[in-house]
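Spelled out, the chains give:
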Amino acid sequence: MLRDVIGHDRIVQILRRQIAEGRVGNAYLFVGPPDVGKGFVALNFAKALNCLQGGDDSCDICISCRKIDDGLHPDVQVISPSGSWLKIDQIRAMRRRAALKPLEGRFKVFIIREADRMTDEAANSLLKTLEEPPTDTVIILITTNLSAILPTITSRCQLFRFGAVPKEEIEGFLRERFNLSGQAASRIALLSDGRVSRAIEMARNPSLAEEAPPRLLTGMEPIEVFREAEEMTGNPEKLEVLLTWLRDLMLVKAGVQEGIVHVGSLDLLRSLASRLPRGRLLEAVKLVMRTRQLITQHNVNPNLALEVMCLKLLELQGRI
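A word on the overall build of the protein chain. Counting secondary structure elements, the protein chain contains 14 helices and 5 strands. Relative to the compact-globule value of 20 Å for 320 residues, the protein chain shows a C-alpha radius of gyration of 22 Å, a close match. Principal-axis analysis of the C-alpha atoms places the extent of the protein chain at approximately 65 × 45 × 30 Å. Counting across all 320 residues of the protein chain, residues that qualify as buried make up 47%. Within the protein chain, counting contacts between residues at least 6 apart in sequence, those at least 24 apart form 69% of the total. About 15700 Å² of surface is accessible on the protein chain, with carbon and sulfur atoms providing 50% of the total. Charge separation in the protein chain, taken as the distance between the mean sites of 43 positive and 40 negative side-chain charges, equals 3 Å.

As structure tokens, this is what we get:
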């Protein structure tokens, strides 16, 4: 349900008001960092638009809501890249379905994930639909990279910018939903970096929030880099945890304790920080953030990008 969304209150209020007032748009563009809730809002907007109970939100109980949750509703389709790209055949198929009347619901809803990965042909095909949108059709584009979307597409969409969810909201949600202690909820909220889905994953899998530092910072041999990169490829959370340790090292290096995530490892952080000049720590943080951006926003081989990152991190520490 839209009322279950964590953070993004203003966006939810606008969407619910549009439903209530019968002013739903034909096209929306949800922009923001990964894992902050864009897809969750899009799916629950689709449910609210087609809920059999009516009103400005979904009930999560009726057959329509359940079908959407299960990916079985004939009028709600989630479109993701086929391989590395969203291809013209996918958009053409969407256009054919959009031209038809809804089969069961009030609206046909198409949620296009990673919209920045459309080929030029696919983007131009989508633009034709947005120029003359079919009735009772809602298209929701989701992206982390607004600059990769054609300006002509952006101008035809209602733009909603999603940001990181405040730590306090994530912490309260974790305590209520997962019955976590204040300390555990606070730690996961810090580690999540404002990303709700990441916080949920860590709450469900506590090993992701363990205190042990990444071996990349404590004693990994160069030959182990390739296995580490492979593990990170299969578990992107490890890259985010590595980034929290590097940020903590920057804070310790600056003599600041407020905001440190791994407070229980303060002595270790001080020991590690003493071995690295501030310039190299800063370079390491930039390296990890740049690698994350390459993986999430560009068509690169994740495993290769992570191998290069791991080797450079060891080099910055003088271990190769």
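The next subject is the sheet that holds strand β5 (residues 158-161). Read across the open sheet, the 5 strands follow the order β2-β3-β4-β1-β5; overall the sheet is parallel. What marks the edges here is a single partner per strand, and that holds for β2 (76-79) and β5. When the angles between neighbouring strand axes are averaged without regard to direction, this sheet yields 15°. The strands touched by helix α2 (residues 38-50) within the sheet are β1 (27-31), β2, β3 (108-112) and β4 (137-143), with β4 carrying the most contacts at an inclination of about 170°. On top of the sheet, helix α4 (residues 88-98) reaches β2, β3 and β4; it is set at about 165° to β3, its chief contact.

This brings us to the packing of aromatic side chains. Geometry of an aromatic ring pair is reported as the spacing of the ring centres plus the angle between the planes. Tallying each qualifying case throughout the model produces 5 aromatic pairs. A ring pair is formed by F30 and F162, whose centres lie 5.1 Å apart and whose planes are at 50°; its orientation type is tilted. Linking F30 in strand β1 with F162 in the loop between β5 and α7 (167-178), this pair joins segments that are 132 residues apart in sequence. For the pair shown, F30 and F162 are each scored as buried. Through pairs of rings, three or more aromatic residues link up here, namely Y28, F30, F45, F160 and F162.

At a closest axis distance of 8 Å, the pairing of α7 and helix α8 (residues 182-192) adopts a crossing angle of 135°. Between α7 and α8, the crossing angle belongs to the class labelled oblique. Like other packed secondary-structure pairs, α7 and α8 cross with a definite hand, here right-handed. Residue-level contacts link K167, I170, E171, L174 and R175 of α7 to G182, A185, S186, I188, A189, L190 and S192 of α8.

Reading the values: the criteria
- Throughout, a residue's number is its position along its own chain's written sequence, starting from 1.
- Residue-level local features of this predicted model are given only where pLDDT is at least 70; pairs of side-chain atoms are given and counted only at 80 or more, and the full residue set underlies all totals for whole chains, interfaces and linings.
- Only hydrogens and water are set aside; all other atoms, that is, all heavy atoms of the structure, feed into the side-chain values.
- Going along the chain from the N terminus, every DSSP run of H or I of four or more residues is numbered as a helix, and every run of E of two or more is numbered as a strand.
- This radius of gyration counts C-alpha atoms alone. The globule rule is 2.2 Å times how many residues there are, raised to the power 0.38.
- Only protein chains enter the accessibility calculation, which uses a 1.4 Å probe. A residue is then buried if its area is under 20% of the maximum for its type, exposed if over 50%, and partly exposed in between.
- The contact criterion used is simple: two residues touch if any of their non-hydrogen atoms lie within 4.5 Å.
- Accessible surface is estimated by sampling points in the Shrake-Rupley manner with a 1.4 Å probe; for residues, cover comes only from the protein chains shown.
- Within this scheme the basic residues Lys and Arg register as positive and the acidic residues Asp and Glu register as negative, but His and the chain ends are omitted.
- The atoms used to mark charge sites are NZ of Lys, CZ of Arg, CG of Asp and CD of Glu.
- At least two DSSP bridges between two strands are needed for those strands to be called paired.
- Axis definition: a line fitted to C-alpha atoms, limited for helices to the stretch in contact. Angles are taken between N-to-C directions and run from 0 to 180 degrees.
- What counts as a ring pair is set by centres within 6.5 Å for rings of Phe, Tyr and Trp (its six-membered ring), and what kind of pair is set by the plane angle: stacked under 30 degrees, edge-to-face over 60, tilted for all other angles.
- Should an angle fall under 35 degrees it is taken as roughly parallel, and over 145 as roughly antiparallel, whereas 65 to 115 is taken as roughly perpendicular and any remaining angle as oblique.
- Here is the rule for handedness: rotate from the far helix to the near one, and if that takes an anticlockwise turn smaller than a right angle the crossing is left-handed, while a clockwise turn gives right-handed.

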